[in-house]
Amino acid sequence: SSARRWAEMLDGEFELCREPGELRRAPAGAPCAYRDMGLCRATCEGGESMLVYGARLREAVGLTVDGASVRRARTEEAMRSASSRGEFERASVLRDRLGALPAADDRASAAVGTLDRFAFIAVARSPRSHHARLLRLNAASWERVADVDARSVGLDELADAVRTSGPAPTIDPPIAGLVARELIRPRRGGPGILRVPGVDSASMLAEVRRVAGVSPGGAQDDD
């Protein structure tokens, strides 16, 4: 649902086409209701060239959370300006756009990134007592790295977990969903999802011990 809201925000903010079937027929496509409402540039019927539309689409796909914050500030200023000039219909449109733009503290939006940066280490429970299972995940593959003993694992061994490896099986959508869910709303006692790059051996060790139920000193926690 968070991804869908982000996509809908991009549609509105960048006036992207909601009818790709008609866009493929450009410039002979049939305009939709969004054109009539002034919320679309009617690329499908030749309102602009596909070259121009493609540039705007690339800008939309590359939008970052910081970029969304900049657009939010600009939209707020434009809304106030339109209102002060008595352009209330324009101000209303801008208010709706402002409502769709993510706030700076929106956790789901903070997890947005391009697929080339979708790389994580998952620290999950292992069937073996006192152990944690390390999985390397990216947008195209997943790989089980190792089951490590949380009482004795070394930092060098954990550092190996973030290094690149050979081919791995195609990622399942539920795994991608698990990563997304843990980024947005981590579960207490759940797996550790560590972003690569950025994770170091010390923080990974802390997650290994937490997930395996082992205290920092190496002893098993009572619970």
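For clarity, every value in this text was computed on a predicted model and none was experimentally measured. (Residues numbered from 1 in each chain as written. Predicted model: local features only at pLDDT ≥ 70, side-chain atom pairs only at ≥ 80, totals over all residues. Heavy atoms only, no water.)

Draft legend 1. Inspection of the packing of aromatic side chains at higher detail. Inspection of every chain in the model, using the stated rule, returns one aromatic pair. Ring centres 5.0 Å apart and planes at 80° place the aromatic pair F118 and F120 in the edge-to-face group. Here F118 falls in the buried class, since its relative accessible area comes to 18%. Given a relative accessible area of 1%, F120 falls into the buried group. Lying over the aromatic face of Y34, R18 brings its terminal NZ or CZ to 4.0 Å of the ring centre. (Phe/Tyr/Trp six-rings, centres within 6.5 Å; stacked < 30°, edge-to-face > 60°. Buried < 20%, exposed > 50% of the residue type's maximum accessible area, 1.4 Å probe, protein only. Lys NZ or Arg CZ within 6 Å of the ring centre and 35° of its normal.)

Draft legend 2. Region of the structure containing the packing of helix α5 (residues 65-84) against helix α6 (residues 88-100). For the pair α5 and α6, the least separation of the axes is 8 Å and the interaxial angle reads 160°. In terms of their interaxial angle, α5 and α6 are classed as roughly antiparallel. Like other packed secondary-structure pairs, α5 and α6 cross with a definite hand, here left-handed. When α5 is examined against α6, the residues R72, T75, E76, A78, M79, A82 and S83 are found in contact with a partner set consisting of F88, R90, A91, L94, R95 and L98. (Axes fitted to C-alpha atoms, helices over the stretch in contact; angles between N-to-C directions. Helix = DSSP H or I, 4+ residues; strand = E, 2+ residues; numbered from the N terminus. Parallel < 35°, antiparallel > 145°, perpendicular 65-115°, else oblique. Left-handed = near helix turned anticlockwise from the far one by under 90°. Contact = heavy atoms within 4.5 Å.)

Draft legend 3. Examining the state of the cysteines more closely. Using the criterion set out here, one finds zero disulfides in the structure. Free cysteine C32: the closest other cysteine sulfur is in C40, separated by 5.1 Å. C44 carries a free sulfur, and the closest cysteine sulfur to it, the one in C17, is 5.9 Å from it. (Disulfide = S-S within 2.5 Å.)

Draft legend 4. View of the pairing of strand β2 (residues 131-138). Taking burial as the measure, the eight residues of β2 include seven buried ones, the bulk of the element. Note: strand β1 (residues 119-125) against β2, seven bridges, orientation antiparallel. Paired with A124 across the two strands is R133, which belongs to β2. Between β1 and β2, which follow one another and run antiparallel, lie five residues, and H130 among them has a positive phi close to 70°. With antiparallel pairing between neighbouring strands as the criterion, β2 and strand β3 (residues 142-149) make up a hairpin whose turn holds three residues. (Pairing = 2+ DSSP bridges.)

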